[in-house]
Amino acid sequence: MGIITVTPQILEEVRQALKLPSFSRPYAVLLDPGDFGTVFTYLPLMEGEYEKLPLELKKVAYCIDKGRYGLIGYLPKSFETPRDGKVAAVSVTYNEFGTIVDLSYTLDQKPETVYHVQHPLRREKLLQLAKKKKLPIRSAVRSSQ
């Protein structure tokens, strides 16, 4: 994963490029729409600020949503659940082309509840966690017909 988190030095370079007296803004959090887990936290850029950045600083800004940009401040190192408990099992469904169409997990404390993961960064981390911890992974392939 090639996401760059900002350092104080990068923030200072952005502040100078935007000719701002200070660069103090509240962080925002991008949540997975499936289980509401943290994808990353970011420092939002206001409208028009991304366009003012030089090319080398545009490389550290990410498109958060259509027309919205931000600087990634925190990126979880591994998969973090937004609830108490540890991941106990993972279920993945692929389409006929090998693309993940559904990825879910259960927790050790609530094995009857299934939580779905929709964001690609969190999906990747969940699969890495399952492989590393040797968790049971149930796989299925579904045709779109």
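Everything numeric in this text was worked out from a predicted model, so none of it was measured.

*Asks:* Looking at this model, I keep getting lost on the overall build of the protein chain. Mind explaining?
*Replies:* Secondary structure assignment for the protein chain yields four helices and eight strands. If you list the helices and strands of the protein chain from N to C, you get α-β-β-α-α-β-β-β-β-β-α-β. Each of the three principal axes of the protein chain carries a C-alpha extent, and together these read 55 × 35 × 20 Å. Of all intrachain contacts in the protein chain linking residues separated by at least 6 positions in sequence, the fraction that spans at least 24 positions is 54%. Per element, the accessible surface of the protein chain, about 9300 Å² overall, is 54% carbon and sulfur. Between the centroid of the 21 positive side chains of the protein chain and the centroid of its 16 negative side chains there is a distance of 4 Å.

*Asks:* Got a minute to help me understand helix H4 (residues 120-133) in this structure?
*Replies:* Structural remark: α-helix, 3.6 residues per turn; residues separated by three or four positions point the same way. In this model, H4 (14 residues) spans 20 Å end to end at C-alpha, consistent with the 20 Å of a helix rising 1.5 Å per residue. When we look at burial in H4, the residues that qualify are Leu-121, Arg-122, Arg-123, Lys-125, Leu-126, Leu-129 and Ala-130. Among the structural elements, strand S2 (38-45), strand S5 (87-94), strand S6 (100-107), strand S7 (114-117) and strand S8 (137-141) are those in contact with the buried residues of H4. Of the residues flanking the end of H4, it is Lys-134, one or two places downstream, whose phi is positive at about 55°.

*Asks:* How should the pairing of strand S4 (residues 68-74) be read in this particular structure?
*Replies:* Where a strand is regular, its side chains alternate between the two sheet faces. Relative to S4, S2 is paired through five bridges, and the arrangement is antiparallel. Paired with Leu-43 across the strands is Leu-71, a residue of S4. Where strand S3 (residues 61-65) and S4 come together, four bridges link them in antiparallel fashion. Following the sheet pairing, Asp-65 is matched in S4 by Arg-68. As consecutive antiparallel partners, S3 and S4 are separated by two residues, and within that stretch Gly-67 has a phi angle of approximately 80°, a positive value.

About the thresholds
Residues numbered from 1 in each chain as written. Predicted model: local features only at pLDDT ≥ 70, side-chain atom pairs only at ≥ 80, totals over all residues. Heavy atoms only, no water. Helix = DSSP H or I, 4+ residues; strand = E, 2+ residues; numbered from the N terminus. Contact = heavy atoms within 4.5 Å. Areas by Shrake-Rupley, 256 points an atom, 1.4 Å probe, with all protein chains shown as cover. Lys, Arg positive; Asp, Glu negative; His and termini not counted. Charge placed at Lys NZ, Arg CZ, Asp CG, Glu CD. Expected span 1.5 Å × (residues − 1). Buried < 20%, exposed > 50% of the residue type's maximum accessible area, 1.4 Å probe, protein only. Pairing = 2+ DSSP bridges.

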